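Structure assessment
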Amino acid sequence: MMVLIAGLMLAAADPASQFPPGLEYNERRETYPVRGSTRRELRSALRHAQASEVDEGDGGGSVARTAQDLGMRYELEPVPGGCRLKGLVVSLDVTIHLPEWAHDGSPPKSIAEDWQRMRDALERHEEGHRDIAVDSARYLHEGLTGLGVQDSCQDLRREAQRVFFRAQLRHSVRDGAYERRTRHGIAQGAVL
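So, here's what we can say about the structure. Given the structure is predicted, the values throughout are model-derived calculations rather than measurements. (Residues numbered from 1 in each chain as written. Predicted model: local features only at pLDDT ≥ 70, side-chain atom pairs only at ≥ 80, totals over all residues. Heavy atoms only, no water.)

Here we take up the overall build of the chain. Scanning the chain from terminus to terminus reveals three helices and four strands. Starting at the N terminus and walking to the C terminus, you meet the elements of the chain as β-β-α-β-β-α-α. Going through the 192 residues of the chain one by one, you find that 38% of them count as buried. Taking the contacts inside the chain whose residues are at least 6 apart along the sequence as the reference set, 70% of them involve residues at least 24 apart. In the structure as shown, the chain presents an accessible area of about 10,900 Å², 50% of it carried by carbon and sulfur atoms. (Helix = DSSP H or I, 4+ residues; strand = E, 2+ residues; numbered from the N terminus. Buried < 20%, exposed > 50% of the residue type's maximum accessible area, 1.4 Å probe, protein only. Contact = heavy atoms within 4.5 Å. Areas by Shrake-Rupley, 256 points an atom, 1.4 Å probe, with all protein chains shown as cover.)

We now examine the state of the cysteines. Inspection of every chain in the model, using the stated rule, returns one disulfide. There is a disulfide in this structure between Cys83 and Cys153, and the S-S distance comes to 2.1 Å. Sign of the S-S torsion, about 90° for the bond between Cys83 and Cys153, identifies this disulfide as right-handed. Of this pair, Cys83 sits in strand β4 (residues 82–101) while Cys153 is found in helix α3 (residues 153–182), placing the two residues 70 residues apart along the sequence. Among the residues examined, Cys83 registers a relative accessible area of 0% and is labelled buried. (Disulfide = S-S within 2.5 Å.)

Bringing the packing of helix α2 (residues 109–145) against α3 into the picture now. It is the contact of α2 with α3, at a shortest axis distance of 9 Å, that shows an interaxial angle of 160°. When the interaxial angle is binned, α2 and α3 end up roughly antiparallel. In the packing of α2 onto α3, the handedness of the crossing is right-handed. When α2 is examined against α3, the residues Arg124, His125, Gly128, His129, Ile132, Ala133, Asp135, Ser136, Tyr139, Leu140, Gly143 and Leu144 are found in contact with a partner set consisting of Ala160, Val163, Phe164, Arg166, Ala167, Arg170, His171, Arg174, Asp175, Tyr178, Glu179 and Thr182. The residue inventory of the contact of α2 with α3, partitioned by class, reads ten nonpolar, seven polar and seven charged. (Axes fitted to C-alpha atoms, helices over the stretch in contact; angles between N-to-C directions. Parallel < 35°, antiparallel > 145°, perpendicular 65-115°, else oblique. Left-handed = near helix turned anticlockwise from the far one by under 90°. Nonpolar A, V, L, I, M, F, W, Y, C, P; charged D, E, K, R; others polar.)

Printed below as a string of structure tokens:
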């Protein structure tokens, strides 16, 4: 499997490039090879990759997917009047998995163009999932920084967990709506 890694320094157009201090972002892109010389062979290889993913339990069977891991870490600091968060860091790790055509020789131009169109649409679709995850990380960070001083460290820990669960739920709802709206990328042209 070929792995491409993009670190914290992303292009200015990237949605994560404007993260505030205390919000860490890391993005990786991984590809897997798809072999075939004809549209039929390529479609078959994509279906096989999709079925293999279902068998392995890795994301419900798609030819591309975006995995995200949202986390938070902090210390509880007792202060006069209660407790506040200290050293807050919200982290988001995103991995975008995409197919890569591993063809032999020069493929027919029409097939190469169709593959590239489909691959570009898949990438745009997965970047939409990434953008939803980035928004969730921002939402979590804003919610946690807005907690201020709570009556006790136990109350603060409980409120921080509530904010985290709300961010996860919000992400899940928005991500599901995105899948329905785009028909899992098909409405965006992610078909060969």
